[in-house]
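Here's the letter readout for the chains.
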Amino acid sequence: MHSVDPVFLLRQMLRARALEETAAQEYAAGRIAGFLHLYPGEEAVAAGVLSCAEPGDYIVSTYREHVHALLRGIPAAAIFAELLGKKTGVSGGMGGSMHLFDAERRFLGGYAIVGETFPIALGAGYAVAYRQLPEAVICFFGDGAVNQGTFHESLNMAALWRLPILFVCENNHYQIGTEIHRHSAVVEVYRRACAYNIPAERINGMDVLAVQQASEQALARIRAGDGPQFLELETYRYRGHSMADPGAYRPASEVQAYQRQDPIKELEGELSTQANCPAGDCVRQFQEQCCAAGHLNSERLQRLQDEIAEEMRIALAEAQAAAAPNLTKVQEVFQKNHRFEDFFGRGAA
Amino acid sequence: MTEMLYWQALNRALDEEMAQDEKVFLLGEDVGLYGGTYRVSEGLLAKYGEWRVRDTPISENSFTGLGVGAAMLGLRPVVEIMTINFALLALDALINMAAKIPFMSGGQFSMGLTVRMPSGVAKQLGAQHSQRLEHTLMNVPGLRILVPATPQDAYWQLRQAIRSDDPIIVLEHELLYFHKGEVATNATPLPIHAAVVRRPGRDLTCIAYSRMVEVALAAAEELAREGIEMEVIDLRSLSPIDWEPCIQSVGRTHRALVLEEDCRFAGAGAEIVATLQERCFYFLDRPIQRTAGLDLPTPFAAELEAATIPNVERTCRSARDLVKMSGAPL
Ligand SMILES: Cc1ncc(C[n+]2csc(CCOP(=O)(O)OP(=O)(O)O)c2C)c(N)n1
Ligand SMILES: [Mg+2]
């Protein structure tokens, strides 16, 4: 196992937070429309898991995928441009917030129909195993998705054929307004994977080092040919389900409790600018840990934050300046995927 | 007469039917505590309790199937599917079960099931959340499909659907929930499947449904300023379709334009045009025209999205072409 650079993980979490805060601001300013599902609170999951992904691995995600995309290496500018519906967006302005795709980075897409990530990952896993490659498929999904039939169908097949898939449940305890005890008979999600003989663990998803370690081990088992693995990461989203959701169904005390998980000392400097996300969350905790362990001092932290702010500022400006896509072009692309060749007929070459 | 928003009219309809008939119960994602994504079931959990307003997991096929099974035992389930896009996961329950059981049981079982869902293109929700699948459901014998365009129709057609012993799908429109209109809760409602003339006109007939009725009416207003009088028919139901008002109208105007938000290829409009030409061929002065959505998945980018669905301008253009089209009738 290679040692992790905690500052790298912190940097990824801070970038994740900054990306989403910028997106929230653009939404509030009316420049981003449609649904916008943000990630604050869950950064330790994406940072921990994706820090273990190899360039050859494939990622499948949901509509809450901006951060997965960013930490996979997709430039923030291409993500912002997609959220703004620009031509330079990672999906050419055709997908939007919920449908980021990047073939080159093996980012197989954000899917907006709950439960779709399972069969996509299953197919990708099948293709990898078929070609006998050492790659893995990382499949993200929420706690709400495990009640869709595709979850059970796909886990069964993945186990049956020992496909190289890491199932990552981002258990934030909510399916929009329905708390997990009201949507699931078995609330320890990992236990469901055990029913299919898939090795599964439940990890504190607010602790990036724990997530990182568990992911590394699980991916190592996959690469060793042990078949699918399952991680349930307990986490929390600080915002509503999407920007359209005020999240009134959650008691304030519950939200605050997650924001305070493990009491920490306040660091200097306001990291988070938005009201829903006060001090004491997973990013803050880890920041504190890094400082305490001597990996970071306040100057370095400040520099890190400045760099990230600058990255996001430039990325956003670039995305804003980009042109809108053009309909004729879109129709051409669409036609290209629908060539009406007559493969075996008289017209075939 | 009370003024209500479309969602309030639906809410009122549910409340009244639940109050009058204990067999009526609701289920769907976030219909209870949250009150429904478009507030349609707001307040009903508190009033009727969880056995009558059931929040479900994300398991569309099975909870819609639950509605089917409960209807076989004589209950009147009202299933909410959060949007029509997710109904694709429930097609087995809708098409293989609900639509078939009354028939293949030789009439032993009725199917007092109502399935409501928002449909249509809203605003920049992307290709997977901007579908209009009425044609998919229209092609299934045994399902009936309502497409209320006004709060008044939303109120009455939902109440009528709940009372029906056939499986009925109510396609609401994502952009209509916050539209206001008069609702006459004491009036005698129109028959559940009746089509109505929303605006008379002598020069051409525009046949529309759901949100496109508003587009047609706005276009008619604009055309009137140019001296073109467009009659607007609101179908209100897509299965069955009430042909008589359409045929009579075309008999008067001799020109027909079908306006639909759905993709043009094999959409609802194709059925409407085919039947109209069979039934009013000799009244027609011009070929029937269609103004429809482009045959593309809905793009996310704002201007592109707008370009893929019909609007007032495109409707006016089609109407003008139809009226001015010269030459002998084909
Ligand atoms: C098949 C389907 N049904 C319903 C929805 C509407 N919907 C979008 S997200 C969501 C909740 C998903 O919760 P979870 O899987 O826990 O993910 P989270 O949003 O918490 O990350 C629902 C019901 C959908 N997109 N797809
Ligand atoms: Mg969740």
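Residues numbered from 1 in each chain as written. Chains lettered and ligands numbered in written order. Predicted model: local features only at pLDDT ≥ 70, side-chain atom pairs only at ≥ 80, totals over all residues. Heavy atoms only, no water.

## Quick notes on the interface of chain A and chain B
A common measure of how large an interface is: the accessible area buried when the components associate. Residue-level contacts link 37 residues of chain A with 32 residues of chain B. Interface area for chain A against chain B, summed over the two sides, is near 2700 Å², with a carbon-plus-sulfur share of 65%. Contact with chain B buries area across many residues of chain A, yet I113(A), R182(A) and L327(A) alone supply 20% of it, more than any other trio. Inspection of the region where chain A meets chain B yields one salt bridge. Summed over the shared surface of chain A and chain B, the number is 12 residue pairs in polar contact (both at pLDDT 80 or more). Elements with a contribution of two residues or more to the side of chain A that touches chain B: α4 (76–83), α7 (180–183) and α13 (327–336) of chain A. (Contact = heavy atoms within 4.5 Å. Buried area = accessible area lost by both parts, 1.4 Å probe. Salt bridge = Lys/Arg side-chain N within 4 Å of Asp/Glu carboxyl O. Polar contact = N/O pair within 3.5 Å; in protein donor to acceptor, adjacent residues only side chain to side chain. Helix = DSSP H or I, 4+ residues; strand = E, 2+ residues; numbered from the N terminus.)

## A look at the sheet that holds strand β7 (residues 168–173) of chain B
All names here are of chain B. Pairing within the open sheet is mixed, and its seven strands lie in the order β3-β2-β4-β5-β7-β6-β12. With partners counted over all chains shown, the strands left at the sheet margins are β3 (53–55) and β12 (237–239), one partner each. Each adjacent strand pair in this sheet contributes to an overall mean axis angle of 20°, direction not counted. Here strand β5 (residues 114–119) runs beside β7; their pairing, made up of six bridges, is parallel. Within the sheet, the bridge partner assigned to R116 lies in β7 and is V170. (Pairing = 2+ DSSP bridges. Axes fitted to C-alpha atoms, helices over the stretch in contact; angles between N-to-C directions.)

## Some words on the side chain of D55(B)
Following the sequence through the fold, D55(B) ends up in strand β3. Separated by 2.7 Å, the side chain of D55(B) and the backbone nitrogen of G32(B) make a polar contact. Aside from chain neighbours lying at most four places away, what touches D55(B) is T178(A), R182(A), G28(B), E29(B), D30(B), V31(B), G32(B) and L33(B).

## Things to note about the site of ligand 1
Contacts to ligand 1 come from 22 residues, most closely from Y63(A), R64(A), A112(A), G144(A) and E60(B). Neighbouring residues of ligand 1 are not confined to one chain but are distributed across chains A and B. For ligand 1, an oxygen atom lies 2.7 Å from a polar atom in the side chain of Y63(A). For ligand 1, an oxygen atom lies 2.8 Å from a polar atom in the side chain of N172(A). For ligand 1, whose accessible area on its own is 570 Å², the fraction buried by protein is 97%. Taken together, the residues of the shell around ligand 1 sort by class into 11 nonpolar, seven polar and four charged. (Near = heavy atom within 4 Å. Areas by Shrake-Rupley, 256 points an atom, 1.4 Å probe, with all protein chains shown as cover. Nonpolar A, V, L, I, M, F, W, Y, C, P; charged D, E, K, R; others polar.)

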